[in-house]
Amino acid sequence: MTAETTGVRLDCDGPVATVTLCRPDVLNAQTPAMWRAMSDFSRELPGDVRVVVVRGEGRAFSAGLDLSVAGSSGPGSFAELSTLPEQECADRIAEYQGGFTWLHRPDVISIAAVQGHAIGAGFQLALACDLRVLAEDAKFSMAEVTLGLVPDLAGTKRLAELVGYSRALEICATGRRMDAAEADRIGLATLVVPPAELDGAVRDLTAGLLANNRDAIVEIKALLAGAGGRSHAEQQRAEREAQTRRIRDLAGRGE
């Protein structure tokens, strides 16, 4: 499958992989074919990749679900999904979620480079990444509710973790749009820059991540990612165990 067929491509340059949504004529609206291709990227990723950058071609990150596909009667359409038995429908959605959840992988840090609209599935793709660098013209909306749907591409937990339950509920239940300044204020943005500086800011952040020990960063990501589900005592134990592994590894005594 080619980028022309799927609408998304993977480019690797040493320790940096770039996932590019390449349907700029429709503001990178997403399709099931794109989600399947993105899921495949996880299996295709070379072992030396440490940072994955996700971006969109043109003036938008992603305008969300391609409604022309969803409204058809073909594969992945609402019409097709509605005919499936409940478990089969849920399994199909789980397959689609895989295009997003691989960006949580413990061995890489993922960065969303967001310009213009990041709506619905586009918002959830940005949320799937560990870090979000926003251009000042970025606009988010969890617009699924306006179609009578729910966010189902692994975005709800990530959003609630970042902004809290009440704010996440308000964002999802209203489907309203927020600009980059608000996203920064409520904790969605790692960094906000002028549009012309977006690429440079992502390069600088990537360089900063690559400058440090890979195994230490993998341990740090695991500590922070699991912190919400641990008690203080459990987190302190996890820190001790991680540090013991690092000390032994640095001394040449690791497994």
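Reference entry: report on the structure contained in this document. Given the structure is predicted, the values throughout are model-derived calculations rather than measurements. (Residues numbered from 1 in each chain as written. Predicted model: local features only at pLDDT ≥ 70, side-chain atom pairs only at ≥ 80, totals over all residues. Heavy atoms only, no water.)

Where helix 6 (residues 121-128) contacts helix 7 (residues 156-163), the two axes come as close as 9 Å, and the packing angle between them is 65°. Considering the relative orientation of helix 6 and helix 7, their crossing is left-handed. Between helix 6, through F123, L127 and A128, and helix 7, the contact on the second element is made entirely by R158, L159 and L162. In the contact of helix 6 with helix 7, the residues fall into five nonpolar, no polar and one charged. (Axes fitted to C-alpha atoms, helices over the stretch in contact; angles between N-to-C directions. Helix = DSSP H or I, 4+ residues; strand = E, 2+ residues; numbered from the N terminus. Left-handed = near helix turned anticlockwise from the far one by under 90°. Contact = heavy atoms within 4.5 Å. Nonpolar A, V, L, I, M, F, W, Y, C, P; charged D, E, K, R; others polar.)

What follows deals with the state of the cysteines. Under the criterion given, the structure shown has zero disulfides. C89 takes part in no disulfide bond, and the closest cysteine sulfur, belonging to C172, lies 19 Å away. (Disulfide = S-S within 2.5 Å.)

Let us now look at the side chain of R92. Examined against the element boundaries, R92 turns out to sit in helix 5 (residues 86-101). Look at R92 and you get buried, because its relative accessible area is 16%. Among all residues touching R92, those that are not within four sequence positions of it are R36, G76, E80, L81 and L84. (Buried < 20%, exposed > 50% of the residue type's maximum accessible area, 1.4 Å probe, protein only.)

Inspection of the secondary structure assignment puts R214 in helix 11 (residues 214-227). Note: C-alpha distance between R214 and G116 (98 residues apart in sequence) is 32 Å. In this structure the side chain of R214 is engaged in a polar contact, spanning 2.9 Å, whose partner is the backbone oxygen of V49. (Polar contact = N/O pair within 3.5 Å; in protein donor to acceptor, adjacent residues only side chain to side chain.)

On to the pairing of strand 4 (residues 109-114). Burial within strand 4 is extensive, with six of its six residues counted as buried. Alternating residues of strand 4 divide into I109, I111 and A113 and S110, A112 and V114, and every residue in both groups is buried. As defined by bridge partners, strand 3 (residues 51-56) adjoins strand 4 across five bridges and the pair is classed as parallel. Across the sheet, the residue bridging to V51 is I109, located in strand 4. As defined by bridge partners, strand 4 adjoins strand 6 (residues 131-135) across four bridges and the pair is classed as parallel. (Pairing = 2+ DSSP bridges.)

Before going further, it helps to spend a moment on the sheet that holds strand 7 (residues 139-141). The three strands lie next to each other as 5-7-8, forming an open sheet whose pairing is mixed. Taken across any chain shown, the strands that pair with only one partner, and hence form the sheet edges, are strand 5 (117-119) and strand 8 (177-179). Across this sheet, the average inter-strand angle for adjacent strands is 20°, counted without regard to direction. Judged from the three bridges that link them, strand 5 and strand 7 form a sheet pairing that is parallel. Bridge pairing links I119 to S141 in strand 7.

You will see that L27, though not glycine, has its phi angle at about 55°, which is positive. With respect to the helices and strands, the residue L27 is situated in the loop between strand 2 (16-21) and helix 2 (32-44). With phi around 70°, A154 is a residue other than glycine that occupies positive phi space. Residue position: A154 is located in the loop between strand 7 and helix 7.

As a further point, take the sheet that holds strand 1 (residues 8-13). A sheet is described by the order of its strands in space; here six strands give the open sequence 1-2-3-4-6-9, paired in mixed fashion. Every other strand in the sheet has two partners, leaving strand 1 and strand 9 (191-193) as the edge strands with one partner each. Between one strand and the next, the sheet's axes are offset by a mean angle of 20°, whatever the strand orientation. Bridging between strand 1 and strand 2 involves six bridges; their strand directions are antiparallel. The residue bridging L10 from the neighbouring strand is V19, located in strand 2. Across the face of the sheet, helix 6 comes into contact with strand 2, strand 3, strand 4 and strand 6 while running at roughly 140° to strand 4. Helix 10 (residues 198-210) rests against strand 2, strand 3, strand 4, strand 6 and strand 9 of the sheet, and its axis sits at about 160° to strand 6.

Any link to function would need more than the numbers given here.
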